[in-house]
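# Fold and geometry: a report
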Amino acid sequence: MTLALATITPGKPEIFAALQGEGASIGRPCVFLRLSRCNLACTWCDTAYTWRFEGDNRPHKDGIAFDRADNQLVWEEAAVAEAIHAFGQSRLVITGGEPLLQAPALVRMLDHLFALGDYQVEIETNGSVVPSEALAARVGQYNVSPKLSHSGNPRDLAIRPEALRFFAQYPKAFFKFVVATPDDVEEVAALAAEHDLPAERIFLMSEGRDPETLRARMVWIADLCLQRGYAMTDRLHIHLSGDTRGT
Ligand SMILES: C[S@@+](CC[C@H](N)C(=O)[O-])C[C@H]1O[C@@H](n2cnc3c(N)ncnc32)[C@H](O)[C@@H]1O
Ligand SMILES: Nc1nc2[nH]cc(C(=O)O)c2c(=O)[nH]1
Ligand code: SF4
Ligand SMILES: [Mg+2]
């Protein structure tokens, strides 16, 4: 009965309070839970320490003791719920890594949490996994970030038609495409047409881990959003705290 979590300091799981920095609920106060493991491997992933357990990203480099051979911190679901509740926020963002890989444990954790108080739950996902019915019943919003070819993932792993169909039909799913060049936006438009993703639920977000990169790219992203009827989202936390863990 455990969840694999990312760690921030030895023995301490990555649970933190911050304003939602991206997407449809940008600016709202939240508590974040960051899980380990991913089924993809984006070349520009800003949280590769949650899944790439080798070299400089080895989480045990910091002297953390792990319970498992694959170097993940595992945590009892009830204890995770209590740690989340201690932050005193009412909106929870579950991210990773890819949180939908641990759906059964998340359902159990959320049931512990809902016994402690009322919560609105958002899940950040790469959109390649269909959520279980049990999880969907407990989650209010999905922030879905399907991965384009510039992420370096094989397309047949990153783009799963059955999962995109689920999210396209789910009114509380917002699509948040990471783009680095105008060509990436052409790819977004082709995916949206192929999988019936509604333009009014699509956000474009610059790839970038520093304010200068984000600002430079947002200039042309804004123009393309106007042309295509998409929304643009900044990455608020990068402006507030830089590319820092736990913010
Ligand atoms: C680290 S991911 C975790 C959730 C899930 N695996 C996903 O990809 O959506 C959280 C968000 O950060 C975005 N992201 C990761 N690295 C980024 C980067 N270098 N620049 C911009 N966005 C990035 C992802 O696309 C996703 O929207
Ligand atoms: N402040 C803040 N907002 C976020 N929204 C999505 C995040 C993520 O890493 O999934 C994130 C994050 O890491 N920090
Ligand atoms: S899918 Fe998300 S967590 Fe996984 S590698 Fe890509 S950005 Fe990182
Ligand atoms: Mg992030």
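Residues numbered from 1 in each chain as written. Chains lettered and ligands numbered in written order. Predicted model: local features only at pLDDT ≥ 70, side-chain atom pairs only at ≥ 80, totals over all residues. Heavy atoms only, no water.

Stated precisely, the cut-off is as follows: UniProt positions are given in the numbering used here, feature names are shortened, and annotations may be inferred rather than shown by experiment.
Named according to an unreviewed UniProt entry, the protein is 7-carboxy-7-deazaguanine synthase originating from Novosphingobium sediminicola. Under the UniProt heading Sequence similarities (unreviewed entry), the note attached to the protein is "Belongs to the radical SAM superfamily. 7-carboxy-7-deazaguanine synthase family." What UniProt states about the protein under its Pathway (unreviewed entry) heading is, verbatim, "Purine metabolism; 7-cyano-7-deazaguanine biosynthesis."

### Some thoughts on the packing of helix H1 (residues 77-85) against helix H2 (residues 103-116)
Rule in force here: To obtain an axis, a line is fitted to C-alpha atoms, over the contacting stretch when the element is a helix, and the angle between two such axes runs from 0 to 180 degrees between their N-to-C directions. In DSSP terms, a helix is any run of H or I states spanning at least four residues, a strand is any run of E spanning at least two, and both are numbered starting from the N terminus. Oblique is the label for every angle not falling under 35 degrees (roughly parallel), over 145 degrees (roughly antiparallel), or within 65 to 115 degrees (roughly perpendicular). Should the near helix be turned anticlockwise from the far one by less than a right angle, the crossing is left-handed, and should it be turned clockwise, the crossing is right-handed. Any two residues whose heavy atoms approach within 4.5 Å at even a single point are treated as in contact. When residues are grouped by polarity, Ala, Val, Leu, Ile, Met, Phe, Trp, Tyr, Cys and Pro land in nonpolar, Asp, Glu, Lys and Arg in charged, and all others, Gly among them, in polar.
The contact between H1 and H2 brings their axes to 8 Å, and the two run at 50°. Comparing the axis directions of H1 and H2 gives the class oblique. Two packed elements cross with a definite hand, and for H1 against H2 that hand is right-handed. Contacts between H1 and H2 involve Glu77, Ala78, Val80, Ala81, Glu82, Ile84 and His85 on the former and, on the latter, Ala105, Arg108, Met109, His112, Leu113 and Leu116. Residues that form the contact of H1 with H2 fall into these classes: 8 nonpolar, 2 polar and 3 charged.

### Quick look at the sheet that holds strand E5 (residues 29-34)
Worth spelling out the cut-off: Note on pairing: two strands pair once DSSP finds at least 2 bridges between them.
Strand order in this open sheet of 8 strands is E4-E5-E7-E8-E9-E10-E11-E12, and the pairing throughout is mixed. Where the open sheet ends on each side, the last strands, each with one partner, are strand E4 (15-19) and strand E12 (231-233). Averaged over all adjacent pairs, the angle separating strand axes in this sheet is 25°, with direction ignored.

### Structural notes on the packing of helix H6 (residues 182-195) against helix H7 (residues 211-228)
In a pair of packed helices, the angle between the axes and the distance between the axes together describe the arrangement. At a closest axis distance of 10 Å, the pairing of H6 and H7 adopts a crossing angle of 25°. Accordingly, the angle class assigned to the pair H6 and H7 is roughly parallel. Between H6 and H7 the crossing geometry is right-handed. Contact with H6, carried on its side by Pro182, Val185, Glu186 and Ala189, involves Trp220, Leu224 and Arg228 of H7 and no other residues of that element.

### Describing the site of ligand 1
Filter applied, for reference: Nearness here has a simple test: a residue counts as near a molecule or strand if at least one of its heavy atoms is within 4 Å of that partner. We define a polar contact as two N or O atoms separated by no more than 3.5 Å, with the added condition that, inside protein, one atom must be a possible hydrogen donor and the other a possible acceptor, whereas residues neighbouring each other in sequence contribute only through side-chain atom pairs. Method for areas: the Shrake-Rupley scheme with a 1.4 Å probe, in which residue coverage is limited to the protein chains shown.
The environment of ligand 1 is formed by 22 residues, the closest being Trp44, Gly97, Ser145, Lys147 and Glu207. Serine 145 places a side-chain nitrogen or oxygen 3.0 Å from an oxygen atom of ligand 1. Starting from 540 Å² of accessible surface for ligand 1 in isolation, the protein chains cover 95%. Residue composition of the shell around ligand 1, by class: 4 nonpolar, 9 polar and 9 charged.

### Some details on the UniProt feature "binding site: S-adenosyl-L-methionine" (unreviewed entry) in the protein
Cut-off, in case you're wondering: Here's how the labels work: a residue is buried when its accessible area is under 20% of the maximum for its type, exposed when over 50%, partly exposed in between, all with a 1.4 Å probe on protein chains only.
The residues that UniProt annotates with the feature "binding site: S-adenosyl-L-methionine" (unreviewed entry) are Trp44, Cys45, Asp46, Gly97, Ser145, Pro146 and Lys147. Among the secondary structure elements, cysteine 45 is positioned in the loop between E5 and strand E6 (73-76). Owing to a relative accessible area of 18%, cysteine 45 belongs among the buried residues under this scheme. Relative to the elements of secondary structure, glycine 97 occurs in the loop between strand E7 (91-95) and H2. Assessed through its relative accessible area of 18%, glycine 97 is described here as buried.

### Re unusual backbone geometry
Here the amide bond leading from glycine 96 into glycine 97 is cis, since omega sits at 20°, within 30 degrees of zero. Phi at arginine 37 takes a positive value of approximately 80°, unusual for a residue other than glycine. One can find arginine 37 in the loop between E5 and E6. A positive phi angle, near 55°, is found at aspartate 196, a position not held by glycine. The topology assignment puts aspartate 196 in the loop between H6 and strand E11 (202-206).

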